[in-house]
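# Structural characterization, general
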Amino acid sequence: MKNTSMENILPTMSEYAPYGFWLLVYFVAFIAAGHALINKRHSSSAVGWIAVCLLLPLVGPLLYYLIGINRIGSPDRKDRRLNLARRTSPELTRVIPEQYHQLVKLGDAVTGWPAIAGNNITPLFDGQNAFPDMIDSVKKATREVLLSSYIFESNETGKRFIDALSHANTSGVNTRVLVDGVGELYSFPWAHRLMRRKGIQAERFIPPSLLPPTFHMNLRNHRKILVVDQSVAYMGGINIGDRYLTNVERNRAKTSDVHFRCEGPIATAIRQIFCDDWQFATGESLDRTEIGTRQDRGDMVCRAVADGPGKNLLKLQLVMIAAINAATKCIAIMTPYFVPPDE
């Protein structure tokens, strides 16, 4: 019998090592492509990720893992049943012009949030108008302050907010702040650390980490919400930072945007959206207030629409399409990004 030494075997194994490596690479690529095929809600997105994974087998699956997978779960069935039970009251429907009745019905069915009367909405253009009003409301709070922001800079504007939040917190006001784990990296020192030093309960939404490796560029919380005493809420496009002070000449990063002061029962719906985000980020369930139970402040009809990667439908898109279809005279759109889908 002929003896086979290890010296004769090892070269043979080394010759096949590259084939094994590429076999593993394409195996992972096909697994990633299959995951995209099964889990992506839109065919165009699925086809795009499948192409990336198979045509770029070395980096495609890694990109898909980092920015392609939705790791925010959809609401459970119980919550969906509760949402579907909410409808705009018949009394309110009768005072809404008939041309908007279909829009109201679609909003009820798609969002699960009722239209609510008795609100007053005030637009606040740029930071020099929005920030003083928001800070003043925080200082006047007596029970609760809930704040969520994608970007929370630690410059002068950020410090003014932190001082106001600290004042409310030390006065016994229930104060909670949620900042995005990536958005707050726009400035240093990080805002959540400054707030924690002052005793404010500040948490981050999906912060990046090394152990375990976590970095989800596409799963960010871009909401900007401030709810004070469940009766006044602020929402819109303005983050917290000096860049939104467009009246400051030396400001080289001027950013113009608009925020809205919402007074009335709609504040309870905006508060519930914050509570959902807070529970996802921290696991803590805040006390819920029945939507629309607060005192009337005006004659405007409003509806909260919560959308994002954790939802089964593109709710905001559907409601906007319905609103466009309901228009009879004009359509006005203001947006920093205009990349409309086929619909």
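Because the structure is a prediction, the values reported are computed rather than measured.

### A word on the overall build of the protein chain
Each helix and strand in the protein chain was counted, giving eleven helices and eight strands. Looking at the protein chain as a whole, 40% of its 343 residues qualify as buried. Relative to all contacts within the protein chain whose residues are 6 or more apart in sequence, the contacts with residues 24 or more apart total 75%. For the protein chain, the computed accessible surface area is about 20000 Å², with 59% contributed by carbon and sulfur atoms.

### A word on a nonpolar patch on the surface
Residues Phe-21, Trp-22, Tyr-26, Phe-30, Leu-55, Leu-56, Leu-58, Val-59, Leu-63 and Ile-67 make up a contiguous nonpolar surface patch of roughly 990 Å² in combined accessible area. Listing elements by their share of the nonpolar patch, those giving two or more residues are helix 1 (6-39) and helix 3 (60-68). It is helix 1 that contributes the most residues to the nonpolar patch, four residues altogether. Among the structural elements, Phe-30 can be located in helix 1.

### Quick notes on the sheet that holds strand 1 (residues 116-125)
The strand order across the open sheet built from eight strands is 4-3-2-5-6-7-1-8, with neighbouring strands paired in mixed fashion. Every interior strand has two partners, whereas the edge strands, strand 4 (201-205) and strand 8 (300-302), have only one. Averaged over neighbouring strand pairs, the angle between their axes works out to 25° when direction is ignored. Pairing analysis gives five bridges linking strand 6 (residues 232-236) to strand 7 (residues 258-263), with the strands arranged antiparallel.

### Side note on the confidence of the model for the protein chain
Across the protein chain, the average pLDDT comes to 86, with 86% of residues at 70 or higher. At the low end of the mean pLDDT range in the protein chain sits helix 4 (residues 77-85), at 42; at the high end sits helix 7 (residues 127-139), at 98. Counting contacts from residues 74-85, a segment whose pLDDT is below 50, to residues more than four positions away or on other chains yields ten contacts.

### Details of the nonpolar core
Counting residues in each nonpolar core, the largest one holds 31 residues, and the members touching the most others are Val-145, Phe-152, Leu-165, Val-177, Met-195 and Leu-226. When contributions to this core are tallied by element, the ones reaching two or more residues are helix 7, strand 2 (144-149), helix 8 (156-170), strand 3 (174-180), helix 9 (191-197), strand 5 (225-228) and strand 6. Formed by 24 residues, the second largest nonpolar core is a distinct cluster that contains Phe-205, Ala-233, Ala-267 and Cys-275.

### Quick look at the environment of Lys-224
Within the element layout of this structure, Lys-224 appears in the loop between strand 4 and strand 5. Residues Lys-224 and Tyr-150 lie 74 residues apart in sequence; the distance between their C-alpha atoms is 6.5 Å. Setting aside residues no more than four positions away along its own chain, Lys-224 makes contact with Ser-148, Ser-149, Tyr-150, Tyr-234, Met-235, Gly-236, Gly-237, Ile-238, Asn-239 and His-259. A distance of 3.0 Å separates a polar side-chain atom of Lys-224 from the backbone oxygen of His-222.

### Brief notes about the side chain of Ser-166
With respect to the helices, strands and loops of the structure, Ser-166 is situated in helix 8. In this structure Ser-166 comes out as buried when scored by relative accessible area, which is 13%. For Ser-166, the contacting residues outside a window of four places in its chain are Lys-198 and Ile-200.

### Brief notes about the packing of aromatic side chains
Taken as a whole and judged by the stated rule, the model has eight aromatic pairs. Between Trp-22 and Tyr-26 the ring centres are 6.4 Å apart and the planes differ by 40°, which places this aromatic pair in the tilted class. Residue Trp-22 and its partner Tyr-26 are located together in helix 1, separated by four residues, close to a single helical turn. By relative accessible area, which is 38% here, Trp-22 ends up partly exposed. Among the aromatic residues, ring-to-ring pairing joins Phe-21, Trp-22 and Tyr-26 into one connected group.

### So, empty space enclosed by the protein
Inspection of every chain in the model, using the stated rule, returns one cavity of 30 Å³ or more. Its volume calculated, the largest cavity comes out at about 50 Å³. What lines the largest cavity is simply Phe-131, Met-134, Leu-147, Ser-148, Ser-149, Lys-224, Ile-225, Leu-226, Ile-238, Asn-239, Ile-240 and His-259. Broken down by element, the lining of the largest cavity gets its largest block of residues, three residues, from strand 2. In the lining of the largest cavity, the residues fall into seven nonpolar, four polar and one charged.

About the criteria used
Residues numbered from 1 in each chain as written. Predicted model: local features only at pLDDT ≥ 70, side-chain atom pairs only at ≥ 80, totals over all residues. Heavy atoms only, no water. Helix = DSSP H or I, 4+ residues; strand = E, 2+ residues; numbered from the N terminus. Buried < 20%, exposed > 50% of the residue type's maximum accessible area, 1.4 Å probe, protein only. Contact = heavy atoms within 4.5 Å. Areas by Shrake-Rupley, 256 points an atom, 1.4 Å probe, with all protein chains shown as cover. Patch = residues over 30% accessible without salt bridge, like charges linked within 9 Å, V, L, I, M, F, W, Y side chains within 5 Å. Salt bridge = Lys/Arg side-chain N within 4 Å of Asp/Glu carboxyl O. Pairing = 2+ DSSP bridges. Axes fitted to C-alpha atoms, helices over the stretch in contact; angles between N-to-C directions. pLDDT = per-residue confidence, 0-100. Core = buried A, V, L, I, M, F, W, Y, C linked by side-chain atoms within 4.5 Å. Polar contact = N/O pair within 3.5 Å; in protein donor to acceptor, adjacent residues only side chain to side chain. Phe/Tyr/Trp six-rings, centres within 6.5 Å; stacked < 30°, edge-to-face > 60°. 1 Å grid on protein atoms, 1.4 Å probe; cavity = no way out; pocket = protein on both sides within 12 Å on 5 of 7 lines; lining within 4 Å. Points joined across faces, edges and corners; volume = space filled by probe spheres on them. Nonpolar A, V, L, I, M, F, W, Y, C, P; charged D, E, K, R; others polar.

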